[in-house]
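Fold and geometry: a report
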Amino acid sequence: MKPFGYVRAASVEEATEAFAAHPGARYLGGGTNLVDLMKLGVERPAVLVDVSRLPLDVVEELPDGSLRVGAAVRNSDLAAHPMARDRYPALSQALLAGASGQLRNAATTGGNLLQRTRCPYFQDVSKPCNKREPGSGCGARDGVHRDHAVLGHSERCVATHPSDMAVALAALDARVELYGEQGARSVPAAAFHRLPGQHPERDTEIRPGELITSVVLPAATAGLPSAYRKARDRASYAFALASVAVVLRVSDGVVAHAGIAFGALAHRPWRAQRAEEALLGGPATPDAFARAVDLELAAAEPLRDNGYKVPLARNIAVDVLTRLAPAAAT
Ligand SMILES: Cc1cc2nc3c(=O)[nH]c(=O)nc-3n(C[C@H](O)[C@H](O)[C@H](O)COP(=O)(O)OP(=O)(O)OC[C@H]3O[C@@H](n4cnc5c(N)ncnc54)[C@H](O)[C@@H]3O)c2cc1C
Ligand code: SF4
């Protein structure tokens, strides 16, 4: 591993200043992804700015009823937090579906959002990969791509985003709060990650040096029935092959709110806007759910070896919607 410096920041301002002062710096959360990538030679930071002990390790209710989750809150703590479990069950379920107990104890909310793809070509510096080395090609497109994207991919990159938590945040209309040289701003979680297009080296809309300070879950989706379902090769300790987060409210038999996001199908959590629009104002029946999900997944363009993801995603989404519907009725 290349030698690197280490700075522990005590405040948000100190962290962003330290980042700006050290070319080639990287923020360090729990280190469960970044340090692995350093060992593989994929990441070669000059300096690590440790943000895991910033005073951002708090989950707090805001006056408007929304919930702010600090970027340094550990995945285990957030999954077990009573307000997350009671008000946003999809979030708690998604966190518990990810990684292992030990990893969740170390992993932070900010680091989870910014974890890199698990594409094996990205992780192997001897292979071509436009995300790791722009212009070098995409080994996965015609190579091993069973786990890769079926929606929104490009000639340059067919990788998927690996976070379970991010899928729930997208469906729950959360926002990501950021702080950088130009001050504070926030971005909808569903728009935080990017599609690859011509620039797969950019995973998200974050600007250089910006720090994730927190994630805010809105009052509007607090307490709505929600659920997360993940299909994977093993029952635990495996990334998703397809996953879905659903937030649903049904009034007088009619869908009054639908938030649906798919995981492991695209370079970002895939907010299923077409399906949501098709459902709103219509009956909350299995047939209607199936029609809406089919409409969304009609845009899928599977690669040679991952066509199985389309029916898999369809079936879990229709099943989750159907099972949530009775609880979602008011
Ligand atoms: C064996 C294994 C299995 C796993 N399985 C799953 C799974 O099934 N589902 C799943 O979702 N995840 C899974 N993971 C990934 C795991 O969830 C992530 O490694 C973890 O969430 C990353 O969080 P961290 O705090 O350790 O991030 P780090 O490794 O510290 O950082 C990750 C990235 O985020 C940046 N960063 C960290 N904090 C901030 C901040 N506040 N602001 C700006 N940038 C920041 C870092 O610079 C780095 O680029 C698995 C990991 C392993 C090793
Ligand atoms: S899919 Fe993306 S991450 Fe994987 S090899 Fe191709 S360019 Fe790299």
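Read on for a plain summary of the structure. Per chain, residues are indexed from 1 in the order of the written sequence. To read the labels, note that chains go from A and ligands from 1, taken in the order they are written. Where totals are concerned, whole chains, interfaces and linings use all residues; where local detail is concerned, this predicted model gives features only for residues with pLDDT of at least 70, and gives and counts side-chain atom pairs only at 80 or more. Hydrogens and water are ignored here; the side-chain numbers use all heavy atoms of the structure.

What follows covers the overall build of the protein. Each helix and strand counted, the protein has 12 helices and 12 strands in total. Against the compact-globule benchmark of 20 Å for 330 residues, the protein has a radius of gyration of 19 Å, which places it among compact chains. Projected onto its principal axes, the C-alpha coordinates of the protein cover approximately 60 × 50 × 35 Å. Classification of the 330 residues of the protein by burial places 54% in the buried group. Any pair of residues with heavy atoms lying within 4.5 Å of one another is described as a contacting pair. If you take every contact in the protein between residues at least 6 apart in sequence, the share linking residues at least 24 apart comes to 63%. On the protein, roughly 14,200 Å² of surface is accessible, and the fraction owed to carbon and sulfur atoms is 52%. Across the protein, 37 positive and 35 negative side-chain charges occur, with their mean positions spaced 4 Å apart. Going along the chain from the N terminus, every DSSP run of H or I of four or more residues is numbered as a helix, and every run of E of two or more is numbered as a strand. When we talk radius of gyration, it's over C-alpha atoms, and the globule rule is simply 2.2 Å times the number of residues to the 0.38. Summary of the burial criterion: residues with accessible area below 20% of their type's maximum are buried, those above 50% are exposed, and those between are partly exposed, where the area comes from a 1.4 Å probe applied to protein chains only. Where accessible areas are quoted, they stem from the Shrake-Rupley method and a 1.4 Å probe; at the residue level, only the protein chains shown are allowed to cover. In this charge count, Lys and Arg are treated as positive and Asp and Glu as negative; neither His nor the chain ends contribute. In plain terms, the charge of a residue is placed at NZ if it is Lys, CZ if Arg, CG if Asp and CD if Glu.

Once that is clear, we can look at a nonpolar patch on the surface. Side chains of Met1, Phe4 and Tyr6 sit close together on the surface and give an oily, nonpolar patch of about 330 Å² of accessible area. Among the secondary structure elements, Tyr6 is positioned in strand 1 (residues 5–8). Patch criteria: residues need more than 30% relative accessible area and no salt bridge. Like-charged residues are merged within 9 Å; nonpolar side chains of Val, Leu, Ile, Met, Phe, Trp and Tyr are merged within 5 Å. A pair is scored as a salt bridge if a Lys or Arg side-chain nitrogen falls within 4 Å of a carboxyl oxygen belonging to Asp or Glu.

Our focus in this paragraph is the site of ligand 1. If you check the shell around ligand 1, you find 32 residues, and the closest are Tyr27, Gly30, Thr32, Thr108 and Asp164. In this structure, Ile212 approaches ligand 1 through a main-chain N or O atom, which is 2.9 Å from a nitrogen atom. The term polar contact refers here to a pair of N or O atoms within 3.5 Å; inside protein, the definition further demands a hydrogen-donor-capable atom paired with an acceptor-capable atom, and it admits residues adjacent in sequence only when both atoms are side-chain atoms. One nitrogen or oxygen atom from the main chain of Ala238 is found 3.3 Å from an oxygen atom belonging to ligand 1. Elements with a contribution of two residues or more to the shell around ligand 1: strand 2 (25–28), helix 2 (34–39), helix 7 (109–113) and strand 8 (211–217). Per element, the largest residue contribution to the shell around ligand 1 is 3 residues, and it comes from helix 7. Only heavy atoms are used to decide nearness, and a residue is near a molecule or strand if one of them lies within 4 Å of it.

This part takes up helix 5 (residues 89–96). For helix 5, the tally of buried residues reaches 6 of 8 residues, placing the bulk of the element in the interior. Listing the buried residues of helix 5 in full gives Pro89, Ala90, Leu91, Ser92, Ala94 and Leu95.

A separate point is the site of ligand 2. Contacts to ligand 2 come from 15 residues, most closely from Cys119, Cys129, Cys138, Cys157 and Val158. Grouping the constituent residues of the shell around ligand 2 by class yields 10 nonpolar, 3 polar and 2 charged. Each residue is assigned to one class: nonpolar for Ala, Val, Leu, Ile, Met, Phe, Trp, Tyr, Cys and Pro, charged for Asp, Glu, Lys and Arg, and polar for all the others, Gly among them.

Any two strands are treated as partners once DSSP identifies two or more bridges connecting them. Reading across the sheet, the 4 strands line up as 9-10-11-12 and stay open at both edges, with antiparallel pairing between neighbours. The open sheet has two free edges, formed respectively by strand 9 (226–231) and strand 12 (270–271), since each of these has just one partner strand. Across 2 bridges, the pairing between strand 11 (residues 254–263) and strand 12 is antiparallel. Each residue of the ladder has a partner; that of Phe262, found in strand 12, is Trp270. In this analysis an axis means a line fitted to C-alpha atoms, helices contributing only their contacting stretch, and an angle means the value between N-to-C directions, from 0 to 180 degrees. Across the sheet, helix 11 (residues 286–297) lies against strand 10 (242–251), strand 11 and strand 12, angled at about 40 degrees from strand 11, the strand it touches most. Relative to the sheet, helix 12 (residues 309–328) contacts strand 9, strand 10 and strand 11, its axis offset from that of strand 10 by approximately 30 degrees.

What follows covers the pattern of salt bridges. Taken as a whole, this structure holds 21 salt bridges when the rule is applied. Between Glu61 and Arg87 there is a salt bridge, and its shortest N-O distance comes to 3.2 Å. Highlighted residues: Glu61 in strand 4 (residues 59–61) and Arg87 in helix 4 (residues 82–87), separated in sequence by 26 residues. What makes Glu61 partly exposed here is its relative accessible area of 43%. Look at Arg87 and you get partly exposed, because its relative accessible area is 22%. Linking Arg202 and Glu205 is a salt bridge whose minimum nitrogen-to-oxygen distance equals 3.6 Å.

This next bit is on the side chain of Asn112. One can find Asn112 in helix 7. Given the relative accessible area of 11%, Asn112 is considered buried. A distance of 3.1 Å separates polar atoms of two side chains, one belonging to Asn112 and the other to Gln115.

Turning our attention to the sheet that holds strand 6 (residues 175–180). Pairing is antiparallel in the open sheet, where 5 strands are placed in the order 4-5-8-6-7. The two strands at the open ends of the sheet, each matched to only one other strand, are strand 4 and strand 7 (183–188). Each strand of the sheet is rotated relative to its neighbour by a mean of 25 degrees, with strand direction disregarded. In terms of strand pairing, strand 4 meets strand 5 (residues 67–70) through 3 bridges, oriented antiparallel. Among the inter-strand pairings, Val59 is bridged to a residue of strand 5, identified as Val69.

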